[in-house]
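Chain by chain, the residues:
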Amino acid sequence: MKKIIITGGAGFIGSHVVRRFVTQHPEYHIVNLDKLTYAGNLANLRDIEHAPNYEFVKGDIVDADFIDRLFATHQPDAVVHLAAESHVDRSITNPLEFVMANVIGTVNLLNAAKKYWKGRYDITRFYHVSTDEVYGTLGEDGMFTEETAYDPHSPYSASKASSDHFVRAYQDTYGLNAVISNCSNNYGSYHFPEKLIPLAIHNIKQSKPIPVYGKGENIRDWLWVEDHARAIEVIFHKAKSGTTYNIGGHNEWKNIDLIRLLCQIMDSKLGRAAGESEKLITFVTDRAGHDLRYAIDATKLKNELGWVPSITFEEGLEKTVDWYLQNQEWLDDVTSGHYQQYYNDQYTNR
Ligand code: NAD
Ligand code: TYD
């Protein structure tokens, strides 16, 4: 049986990746390693927490000794690395936290992989999950391909770019079996309500202002999180060592248009008069260094590995709204911080 450590498995995307691997691959044993920061919530995994091929370990990837012990104890065959500080606005306030988690944390994992997998690089795998934000910003035309030069602007994207470079350096220098994927903005269930879509859903529901940065003209390319998890599963199994894949849904939306669509869906779901939720849109001071446009060209992934998104944005957004309306308890717990006492505090560092 293969043992796979998935880092950051209690977060938004990580919980979907853990669920996919645990349910689709009973032949694997999945170790979910997570520090349980404000963004990590074990309630995201309640449906699979008792699965026989699943185990949770609380720990910090910044702690090199802990990571070394983790590899010695668990003897993993692969790592799927998602643990990171992920919110751009927080990175503007506290860049060092992002360097520690995203750069030092990644290098600690790479060092352990190099040490414990020496002589076995052909049968082990380090999968690094990254973002399209490493490529910087686009003007009106063009898309990010795997050949686009790195040009990160925010402390978050700079830290992710740095971690990508370290993964490539360990592949080039030591021959580590490593793959990287760079994905566009995700949306879906279990998304922490500091990010645009869940924040807007939460505020619309409570009839609170929806903060739109600047004039709302920035463009993001949105992908349903379960399609991202499926892409990671495909790349994990099929990609050659040293390769990179861009993941995206060819689904660009101006922030303001996206918020208007969300308001329409919410009006209809909540039985409000058409146009009522739009009145909550509030233009606020723009984010510093706000990238104008992201757009992913995912042709390589489609042509080489056969992955395409499974649902349209309209379908995915409606599913997402339904999920948030049906999971008010989850939303209440994360907005009040209750989950940190209730679900997460039973674990101490190992
Ligand atoms: P998230 O913030 O929801 O979850 C991050 C998880 O990592 C949390 O569970 C947190 O507890 C854990 N973590 C943070 N620091 C840690 C540490 N030092 N040690 C151990 N665990 C730690 O993030 P997300 O949105 O799910 O993103 C997951 C990964 O995907 C990140 O690497 C991110 O850069 C990448 N990514 C995200 C998006 C997106 O749209 N959210 C898009 C592309 C790529
Ligand atoms: P976000 O969800 O933070 O993702 P990222 O910054 O990684 O793309 O933001 C998505 C877009 O929405 C981005 O252009 C910033 C904007 N935004 C707002 O307009 N208002 C908000 O309250 C937030 C959180 C984001």
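See the structure above.
About the cut-offs
Residues numbered from 1 in each chain as written. Chains lettered and ligands numbered in written order. Predicted model: local features only at pLDDT ≥ 70, side-chain atom pairs only at ≥ 80, totals over all residues. Heavy atoms only, no water. Helix = DSSP H or I, 4+ residues; strand = E, 2+ residues; numbered from the N terminus. Expected span 1.5 Å × (residues − 1). Buried < 20%, exposed > 50% of the residue type's maximum accessible area, 1.4 Å probe, protein only. Near = heavy atom within 4 Å. Polar contact = N/O pair within 3.5 Å; in protein donor to acceptor, adjacent residues only side chain to side chain. Areas by Shrake-Rupley, 256 points an atom, 1.4 Å probe, with all protein chains shown as cover. Nonpolar A, V, L, I, M, F, W, Y, C, P; charged D, E, K, R; others polar. Pairing = 2+ DSSP bridges. Phe/Tyr/Trp six-rings, centres within 6.5 Å; stacked < 30°, edge-to-face > 60°. Lys NZ or Arg CZ within 6 Å of the ring centre and 35° of its normal.

Draft legend 1. Main features of helix α1 (residues 12–24). Between its first and last C-alpha, α1 extends 19 Å over 13 residues, near the 18 Å set by a 1.5 Å rise per residue. Among the residues of α1, Phe12, Gly14, Ser15, His16, Val17, Val18, Arg19, Phe21 and Val22 are the ones counted as buried.

Draft legend 2. Region of the structure containing the site of ligand 1. In the region of ligand 1, 28 residues are neighbours, and Ile13, Asp34, Ser86, Tyr156 and Lys160 sit closest. In this structure, Ile61 approaches ligand 1 through a main-chain N or O atom, which is 3.0 Å from a nitrogen atom. At 2.9 Å from an oxygen atom of ligand 1 is found a main-chain nitrogen or oxygen belonging to Leu82. Alone, ligand 1 offers 840 Å² of accessible surface; in the complex the protein occludes 96% of this. Of all the elements in the fold, those that place two or more residues in the shell around ligand 1 are α1, β5 (125–131), α5 (155–174) and β7 (185–187). The leading source of residues in the shell around ligand 1 is β5, at three residues. Residues that form the shell around ligand 1 fall into these classes: 13 nonpolar, eleven polar and four charged.

Draft legend 3. Fine view of the site of ligand 2. Taken together, 16 residues are adjacent to ligand 2, and Glu133, Pro211, Arg220, Arg287 and His290 come closest. Of all the secondary structure elements, the ones that give two or more residues to the shell around ligand 2 are α6 (196–205) and β8 (210–213). Ranked by the residues each element gives to the shell around ligand 2, the list is headed by β8, at three residues. A breakdown of the residues in the shell around ligand 2 according to their chemical character gives six nonpolar, five polar and five charged.

Draft legend 4. Layout of the pairing of strand β4 (residues 78–81). Here β4 shows a buried face lined by Ala78 and Val80 and a second buried face lined by Val79 and His81. With four bridges connecting them, strand β1 (residues 2–7) and β4 associate as parallel partners. Bridged to Ile5 within β4 is Val79. Pairing analysis gives four bridges linking β4 to β5, with the strands arranged parallel. Paired with Val79 across the two strands is Phe126, which belongs to β5.

Draft legend 5. Local environment of the packing of aromatic side chains. Inspection of the entire model under this criterion finds 17 aromatic pairs. An angle of 45° between the planes, with centres 5.2 Å apart, marks the rings of Trp253 and Phe313 as tilted. Of this pair, Trp253 sits in strand β11 (residues 252–254) while Phe313 is found in helix α10 (residues 313–326), placing the two residues 60 residues apart along the sequence. Each member of the pair, Trp253 together with Phe313, is buried. Over the face of the ring belonging to Tyr174 we find Lys114, whose NZ or CZ atom lies 4.6 Å from the ring centre. Against the face of Tyr294 rests Arg220, its NZ or CZ located 3.9 Å from the ring centre.

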